[in-house]
Structure formats: structure tokens, C-alpha cells
Amino acid sequence: MVTIETPRSPRSRKGAKWEKWGWLYMRASGVLLLVLIFGHLFINLFQNGIQAITFAFVAGKWADPFWKIWDGAMLWLALIHGTNGMRTIVNDYTVRLGMRKFLNVTLWVVCAALVILGTLVITTFDPCIDPSVNQLADLAIHCGK
Amino acid sequence: MAKLPAGTLYRGKVGMWSWVLHRITGVAIFFFLLVHTLDTALVRVSPEAYDAVINTYKTPIIGIGELGLVAAILFHGLNGIRVILIDFWRKGAKYQNVMFWIVIVLAALLFIGFAPRHLAHVFHWNA
């Protein structure tokens, strides 16, 4: 059923302000993500290379709070940026309102779950669960050796 | 034969195709991001679990797939700057067409710089 609004009723402003912040967020986070992700790819894939990525590599990186903040910022900014982009696409292509609501709620639930999971992983990371990490000189203090 | 619609600045031109590419690359990057958050979370489980899953990223097929991922990220990121310039720069809309080709050239140059080194890593050519 298509319902037509009463003619000449003023356009609803509800949600318009929220949409403006979303629009601005995509641009602001986009600029930050360009730096964060290009840097992430340069160091991990270009300098070190995919074969060098191991648990010990992550432990070495996260021994420095700088990289924990870098990766945490990437996690939050990218997941919210990506989820909001998917929401735009869902709003463009869904016809039924129920389906639109279902997909958007699913997107944000998944986004929240991954942001919480990732944040917990970064903040509670323990390099000492790997015995070989003890041999890395700069991490030895953390593991009580 | 039906005549193609003319006189629109947008349809079938650079403006439309850059928008299409931005969407497709965005969706692809989004789904990778979901997987990548989960595989990285394995560092909290055990070194063996993390290394086992990350090792799949080092196989030839996935290694070549990473080239596609990086290409998508290069385009999406640089075209995002173009979108911002169209929105905020006074002459942005006027130069959107040439800016698209600048995005393509910059992305291609960065990709050419990245691809041989990445393939060398994947296939152990520099060992």
C-alpha cells in the first residue's frame, strides 16, 4: 500500500540533521582512513610482506602503544564508515520497509559486535601466551623474564 | 532503434562510472574488513590459531586476491578524496572529470609499485 502525504504538508525535518552528520562522518573518517590504511598496507604488506605476518609480528608491533592506537582507530573508523556505506546501499535498493529495517539493524548489530570484539582484543592482548615471544629482547620485560 | 538519451552530464559518463566503482569497491572492502577483524581477533586465542589462519593469506591464490583488494582500496581511497573535493572545493565540480583520471593514474602508479613486490613476497622470489 502506498500512502500519500497530505498535500502541502511541510517536509519532515526529522532525521535530516542526523543524515548531515553521517554525510560529514564519511568524509572526515575517509581522510583519516586513507592515511591509516595506506600506512597499514605500506608497513605490513610492502615493507615486511605477507610472509612476515605472524603472531610474533603482531606482538612486536603492539608492544608499542602507538600501533595499538593506530589499529584501534582503524577498527572503529573503518567499521563505522563501512557499515554506514552499506546502510546507504540498503536504503537505495530495498523496496519493502520491513526488509530495509531488518538489513540495517543486522548491519549495525554486526558492526557493534566487531568493534567491541576488536577493542577487547587490542586492550587485553597478552604477548606472553607465546613462549617464543619471550625471546624477543624488547618484550622480555613484559613476560617477567 | 531507440535513440540514446543525450544532454545529461551524468548518465553513462565518468560521474556515473566512478560512482558505480566506488560502490562495488566499498562493498568488497567492507566484507574483507569483517573477515579481517575476526582473523586478527585470533591473536587473543592462541599463537597457533592466529598463525594457522594467517597462513591462508600467504597461499598463491589468496595472495593474488590481495592484489585485487589493494587495487580496490587504492581506487576507493583516492576517489574518496575526489568526492570530498567535489563537495568542498569551489572548482571541484568543474574539474570532477579530470580528477577522475588523476585518481586512475595515481592508483595505477601505486599499484604498479606495489604488485611486483607483493608477488615476490607471495611466491618467495626474493628468498
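Right above here is the structure, for reference.
Residues numbered from 1 in each chain as written. Chains lettered and ligands numbered in written order. Predicted model: local features only at pLDDT ≥ 70, side-chain atom pairs only at ≥ 80, totals over all residues.

## So, the interface of chain B and chain A
Across the contact, 32 residues belong to chain B and 30 residues belong to chain A. Elements represented by at least two residues in the side of chain B that touches chain A include exactly α1 (14-41), α2 (47-55), α3 (60-88) and α4 (96-122) of chain B. Ranked by residue count, the leading element in the side of chain B that touches chain A is α1 of chain B, at 10 residues. Looking at the side of chain B that touches chain A residue by residue, the classes come out as 17 nonpolar, nine polar and six charged. (Contact = placed C-beta atoms within 7 Å. Helix = DSSP H or I, 4+ residues; strand = E, 2+ residues; numbered from the N terminus. Nonpolar A, V, L, I, M, F, W, Y, C, P; charged D, E, K, R; others polar.)

## Points about the packing of helix α3 (residues 65-93) of chain A against α1 of chain B
The relative placement of two packed helices is expressed as an angle between their axes plus a distance between the axes. Put simply, α3 of chain A and α1 of chain B touch, their axes get as near as 10 Å, and they point 135° apart. Taken together, α3 of chain A and α1 of chain B sit at an angle that is classed as oblique. The element α3 of chain A and its partner α1 of chain B pack so that their crossing is left-handed. Residue-level inspection shows Leu-75, Ala-78, Leu-79, Gly-82, Gly-85, Met-86 and Ile-89 of chain A of α3 of chain A in contact with α1 of chain B, the latter providing Arg-23, Gly-26, Val-27, Ile-29, Phe-30, Leu-33 and Thr-37 of chain B. Its residues placed into classes, the contact of α3 of chain A with α1 of chain B shows nine nonpolar, four polar and one charged. (Axes fitted to C-alpha atoms, helices over the stretch in contact; angles between N-to-C directions. Parallel < 35°, antiparallel > 145°, perpendicular 65-115°, else oblique. Left-handed = near helix turned anticlockwise from the far one by under 90°.)

## Things to note about the nonpolar core
Membership of the largest hydrophobic core comes to 20 residues, with the highest contact counts inside it found for Ala-78 and Leu-79 of chain A together with Leu-74, Phe-75, Leu-78, Val-103 and Ala-107 of chain B. Those elements giving two or more residues to this core turn out to be α1 (16-48), α3 and α4 (97-124) of chain A together with α1, α3 and α4 of chain B. No other element matches the five residues that α3 of chain B contributes to this core. Once you skip the residues sitting within four places of it in the chain, Ala-107 of chain B turns out to touch Leu-74, Phe-75 and Leu-78 of chain B. (Core = buried A, V, L, I, M, F, W, Y, C linked by C-beta atoms within 7 Å. Buried ≥ 20, exposed ≤ 12 C-beta atoms within 10 Å, placed from the backbone.)

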